[in-house]
Amino acid sequence: MNPNHNPQSSDGGRHDDDAALTEFLASLMDYTPTIPDELVEHYLAKSGFQSPDIRLTRLVAVATQKFVAEVAGDALQHCKARQATIPKDKRDRQQKDKRLVLTMEDLTKALHDYGVNVRHQEYFADSPSTGMDPATRDE
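Only a predicted model underlies this, so the values are computations on that prediction, with no experimental measurement involved. (Residues numbered from 1 in each chain as written. Predicted model: local features only at pLDDT ≥ 70, side-chain atom pairs only at ≥ 80, totals over all residues. Heavy atoms only, no water.)

Points about the side chain of Asp106
Okay, step 1: Assignment of secondary structure puts Asp106 in helix H5 (residues 104-113).
Okay, step 2: Assessed through its relative accessible area of 1%, Asp106 is described here as buried.
Okay, step 3: Among the polar contacts made by the side chain of Asp106, one reaches the side chain of Arg82 at a distance of 2.7 Å.
Okay, step 4: Setting aside its immediate chain neighbours within four residues, Asp106 contacts Ala75, His78, Cys79, Arg82 and Val101. (Helix = DSSP H or I, 4+ residues; strand = E, 2+ residues; numbered from the N terminus. Buried < 20%, exposed > 50% of the residue type's maximum accessible area, 1.4 Å probe, protein only. Polar contact = N/O pair within 3.5 Å; in protein donor to acceptor, adjacent residues only side chain to side chain. Contact = heavy atoms within 4.5 Å.)

Description of the packing of aromatic side chains
Okay, step 1: Scanning all chains against the criterion turns up one aromatic pair.
Okay, step 2: With centroids separated by 5.6 Å and ring planes inclined at 80°, the aromatic side chains of Phe67 and Tyr114 adopt a geometry described as edge-to-face. Placement of the pair is Phe67 in helix H3 (residues 54-84) and Tyr114 in the segment after H5, with a sequence separation of 47 residues.
Okay, step 3: On the basis of relative accessibility, which here comes to 34%, the residue Phe67 falls in the partly exposed class.
Okay, step 4: On the accessibility criterion, Tyr114 (33% relative accessible area) is partly exposed. (Phe/Tyr/Trp six-rings, centres within 6.5 Å; stacked < 30°, edge-to-face > 60°.)

What to know about the confidence of the model for the chain
The predicted coordinates should not be examined in detail at positions where pLDDT is low.
Okay, step 1: On average, the chain scores 79 in pLDDT, and the residues at 70 or more come to 71%.
Okay, step 2: Mean pLDDT across the elements of the chain ranges from a minimum in helix H4 (residues 88-95), with 61, to a maximum in helix H2 (residues 37-46), with 95. (pLDDT = per-residue confidence, 0-100.)

So, the pattern of salt bridges
Okay, step 1: Summed over all chains, the structure comprises five salt bridges.
Okay, step 2: For Lys66, the salt bridge identified is with Glu70, shortest N-O distance 2.2 Å. Separated by four residues within a single helix, Lys66 and Glu70 lie in helix H3, roughly one turn from each other.
Okay, step 3: Judged by relative accessible area, Glu70 falls into the partly exposed class, the value being 30%.
Okay, step 4: Here Lys109 ties to Glu105 by a salt bridge, and the two come within 3.4 Å at their closest N and O atoms. One end of the pair is Lys109 and the other is Glu105, both in helix H5 and four residues apart, which spans about a single turn.
Okay, step 5: In this structure Lys109 comes out as partly exposed when scored by relative accessible area, which is 40%. (Salt bridge = Lys/Arg side-chain N within 4 Å of Asp/Glu carboxyl O.)

Structural notes on H2
Okay, step 1: Those residues of H2 that sit buried are Asp37, Val40 and Leu44. Taken around the axis of H2, the buried residues stretch over an arc of 65°, which confines them to a single face. Facing away from the buried side of H2 by over 90 degrees, the exposed positions are Glu38 and Lys46.
Okay, step 2: Buried residues along H2 sit in contact with H3.
Okay, step 3: At the C-terminal side of H2, Gly48 shows a positive phi close to 95°. (Arc of directions from axis to C-beta.)

A look at a nonpolar patch on the surface
Okay, step 1: On the surface, Leu21, Phe24, Phe49, Leu56 and Leu59 cluster together into a nonpolar patch covering about 400 Å² of accessible area.
Okay, step 2: Going through the elements one at a time, helix H1 (7-30) and H3 are the ones with two or more residues in the nonpolar patch.
Okay, step 3: With respect to the secondary-structure elements, Leu21 resides in helix H1. (Patch = residues over 30% accessible without salt bridge, like charges linked within 9 Å, V, L, I, M, F, W, Y side chains within 5 Å. Areas by Shrake-Rupley, 256 points an atom, 1.4 Å probe, with all protein chains shown as cover.)

Rendered as structure tokens:
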């Protein structure tokens, strides 16, 4: 037996973890997440999960909000990296507008970093008006 091992210290750590978890779950009652409870409950029910505990719904909302924020931040980094690869003469013209445009390519790369594979079918059109209502075409 290890003389430095104190079984009570691991129980004390567990008690601290339980207290922190209890405090965190209690704080979820006062927190209003960005993603509405009804939306989270809808998708939880759609996946076959139901719980009457609103704290669990809000915990899922907070985790989802964190995931979306991280993906958006990574997509921004991909966008900036893409902008940096543009030739200098084109970049000088774009510097006047200073806006960054998030593309599906940036988002796909960011999601791929998290193990989410996005595949979208290529869209081909013979002309810009393809797929429009014939009454609204300007041909």
